[in-house]
Every structure is written in C-alpha cells, then in structure tokens.
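# Coordinates in review
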Amino acid sequence: MSRKVVVGMSGGVDSSVAAWLLKQQGYDVIGVTMQIWQDQDTDVQEAEGGCCGLSAVDDARRVAMDLGIPYYVMNFKEEFRTNVMDYFVGEYVAGRTPNPCIACNRYVKWESLLRRSMAIGADYIATGHYAQICRLPNQRYALKTSVTAEKDQTYALYNLTQEQLAHTLMPVGSYHKEEIRRMAADIGLQVAHKPDSQEICFIPDHDHARFIEAYTGMQVPEGNFVDLEGNVLGRHKGISHYTIGQRKGLNLSMGHPVFVVEIRPETNEVVIGEGKDVFTNVLCCDKLNWMAIDGLHGEPMEVTAKIRYSHKGSPCTIREIGHDLVECRFHEPVRAATPGQAVVFYDGDYVAGGGTIL
C-alpha cells in the first residue's frame, strides 16, 4: 500500500512539480490549497493572489487535474488571522519588525495543515520549498540548505519542530530552479513560467502602516525623531512606518544620509543615527527552536548566523545567557540586526536552530 502525502499547492511551479515528483516516486498524492484570505470582495482576493489567493486555487486545481490527483481547498482563515495577521500587527505596534512568512510556515502551513492531513490518514505533508530534510546520526531531523543557494528557504523554515520535520517531504530542494521550470514545461504544466509570488500575500501594496490602520481601525500616532542623545530632530508618521536600518522615507533634512537605529514604543520615539550606528557585533535572541542539536547545554558553539532572509550569513559564537536566551557574538559587525526578525544558526549546511532577535 503506497504512502499518502498531502501536497500544499500554491498554484506556483515549485509546489506543482513537487506533486508530480512525489507521484513519480509512487506516493498516493492529494493536492490541497490553504484558503487563508479573509472575508473580502473578489477584486481584493484576486489582487492578494500571493501563494493562497483565488488565482492560486484556479491554477492549483488545473495542475491537479493535469496530474490526475485529487484536489481540495481547506479553510485556514481563522488560523491565519490569529497566528499571522494578529501577530504581524502586534509586533509592529510594539516597535518590532515581524516575519509573517516564518509564522505562517510554523503555525499554518505546518501545524494546522499537518494536523488535518494526519486526521484524513496522510503519512506526510509536502511543499515546494527549496530546502532538504535529513535525519542526522544523533537521530534528530534537520533542514539542509538547498542546492540552489540563491533560492534556499531554510531561513524561513528554522522554526519547524522535530515532529513536523519527521512528517514532511520537500522534493524540490535537491534541484535548481531552472530544472524545476524545465520539468514543468516538459510535462506540459501551464504554470511552468509563472512568476514567483510576492513576499507578504496579505499586503499587496507593501504599505504595512496602511494595512495596520485598516486592520485595527486605529490611527498610529505620530511622534518624535530623536538622535542618540535624545535631541528632537523632527516628527515621524508613526512607528509602524519604520524599521532598523531604514534610510528612505524619513523626510529629515540632515544634509547627509541618516538611518533608523532604534524604535522606542514606550516613548513613541524613532532614534536616528549615522551609518556606523546601524552596525553591531552582539545581539540576543529568545523563542529558541533547536533543530540539528537539542540545545547548547552550557557550551558555546561556533556557527554561521543569518539575521535576515537575504543575509549571506556571518560567523559568530553563540552561548546561553539564561533560560530561552542566547547571545550571538559576531566576528565582524553585522548591519541592522532588527528586533522581531529571526536569527538562524547554521552548522555547515545544516540548520542548528534559531530564535527571535531582541
């Protein structure tokens, strides 16, 4: 009897080829698209296409038909609102910069989808992410970086649990993107050349502050720009408009480039500094998730750490400084370590773990 796998199908080329590859490998494949859009009119849903909009459903259903696999749409609106949208707004209001894709991966695409898939008798879930899952000699499951470095998505998946990894397949992680598109074209899938989806599916215009005000019904209050000594430099539009390292959109006439170096929600201040002030060689993180190892156990560890998705990674030493608290000391200063973002630790090609920057 073949093993059953539920493939999260976004209507894009990666998840479509993932479903085809698993079928070729002899799995009993079921396609599922997660309905996450809220109660909006059709035009908005269409515009919010992203990885789970209405156009995604149409494309995924067509691919499933072409592949000859059953296909369903599962409603995850409540889980998405609670774990992604509420979290996103709460973090910005608190002066941090959230990563909604990491939250969505951990709590919606995995926790919720896996639970429902197991309930209908599936052995695994699968996605089109560019990452590989390995079981290490210590018997722990870990993510290994994709063969396509520029497409690697392990950073956004660092928060997956051992249980989730044990029941997950990621068949495209051992291929280059060009190979995936070629496969899709060779088997006649209409999505072979479909562009990759945008990063934040529920904010198509990238205006975070406008979304937050519409979502909460509250106006984010203006406040003061201040320098590192506390001198008032001007007025800002509300802390949700800014993130650490930002230079554009400040509307400050300083005569030279200046940057956001700190956001202080308790005083509603945005701190402005010079380029050098955005660099640091130490950060702390909490909300830790260990993957290739089960913790540091009091011993420091040399790793390569990424502080954002696009960061290539920098060598650093990590050590425990308290319960669920790790200090990362970089060998060379890193730019714009941003509270609310993830820092992910790599031991060679494997994700050792990660946490949320404080």
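Our subject in this report is the structure included herewith.

Conventions adopted
- Residues numbered from 1 in each chain as written.
- Predicted model: local features only at pLDDT ≥ 70, side-chain atom pairs only at ≥ 80, totals over all residues.
- Heavy atoms only, no water.
- Helix = DSSP H or I, 4+ residues; strand = E, 2+ residues; numbered from the N terminus.
- Rg over C-alpha atoms; globule rule 2.2 N^0.38 Å.
- Buried < 20%, exposed > 50% of the residue type's maximum accessible area, 1.4 Å probe, protein only.
- Pairing = 2+ DSSP bridges.
- Contact = heavy atoms within 4.5 Å.
- Axes fitted to C-alpha atoms, helices over the stretch in contact; angles between N-to-C directions.
- Phe/Tyr/Trp six-rings, centres within 6.5 Å; stacked < 30°, edge-to-face > 60°.
- Lys NZ or Arg CZ within 6 Å of the ring centre and 35° of its normal.
- Polar contact = N/O pair within 3.5 Å; in protein donor to acceptor, adjacent residues only side chain to side chain.

## Remarks on the overall build of the protein
A count of helices and strands for the protein gives eight helices and 17 strands. Taking 21 Å as the expected radius of gyration for a compact globule of 358 residues, we find that the protein reaches 21 Å, a close match to that expectation. Expressed along its principal axes, the backbone C-alpha trace of the protein runs to roughly 70 × 50 × 35 Å. Across the 358 residues in the protein, those meeting the buried criterion constitute 53%.

## Description of the sheet that holds strand β3 (residues 71-75)
If you walk across this open sheet you meet the five strands as β3-β2-β1-β4-β7, and the pairing is parallel. Looking along the sheet, the strands with just one partner apiece sit at the ends: β3 and β7 (168-169). Pairing of strand β1 (residues 4-8) with strand β4 (residues 124-126), which is carried by three bridges, proceeds in the parallel orientation. Along β4, the bridge assignment pairs V5 with Y124. Of the strands in this sheet, β1, β2 (28-35), β4 and β7 touch helix α1 (residues 13-24), which is tilted by about 165 degrees from β1.

## Looking at the environment of T145
Within the secondary structure, T145 is located in strand β6 (residues 141-145). Considered as a pair, T145 and V351 are 206 residues apart in the sequence and their alpha carbons are 7.9 Å apart. Ignoring sequence-local partners within four residues, the contact set of T145 consists of Q132, D152, T154, Y346 and D349.

## A few points about the sheet that holds strand β11 (residues 269-273)
Pairing in this open sheet of four strands is mixed, and the strands run β9-β8-β11-β10 from one edge to the other. Two strands lie at the open edges of the sheet, namely β9 (232-236) and β10 (259-264), each paired on one side alone. Pairs of neighbouring strands in the sheet enclose a mean axial angle of 30 degrees, with direction left out of account. Judged from the five bridges that link them, β10 and β11 form a sheet pairing that is antiparallel.

## Notes on the packing of aromatic side chains
Taken as a whole and judged by the stated rule, the model has 10 aromatic pairs. Ring geometry for F88 versus Y92: centroids 5.2 Å apart, planes at 65 degrees, classification edge-to-face. Note that F88 and Y92 are positioned in helix α4 (residues 77-93) at a spacing of four residues, about one turn of the helix. Of the two residues examined, F88 and Y92, each falls in the buried class. In textbook terms, an aromatic cluster arises when at least three aromatic residues are bridged by ring pairs, as seen for F80, F88, Y92, F202, F211 and Y215. Sitting over the face of the ring of F76, R116 holds its NZ or CZ atom 4.0 Å from the ring centroid. Here K306 stacks its cationic end above the ring of Y309, 5.8 Å away from the centre of that ring.

## What to know about the side chain of T33
By secondary structure assignment, the location of T33 is in strand β2. What makes T33 buried here is its relative accessible area of 0%. A polar contact is formed between the side chain of T33 and the backbone oxygen of M9, at a distance of 2.7 Å. A polar atom in the side chain of T33 sits 2.6 Å from the side chain of Y71. If we ignore the near neighbours within four places in the chain, the residues touching T33 are M9, V57, A60, Y71, Y72, V73 and M74.

That is the geometry; function is a separate question.
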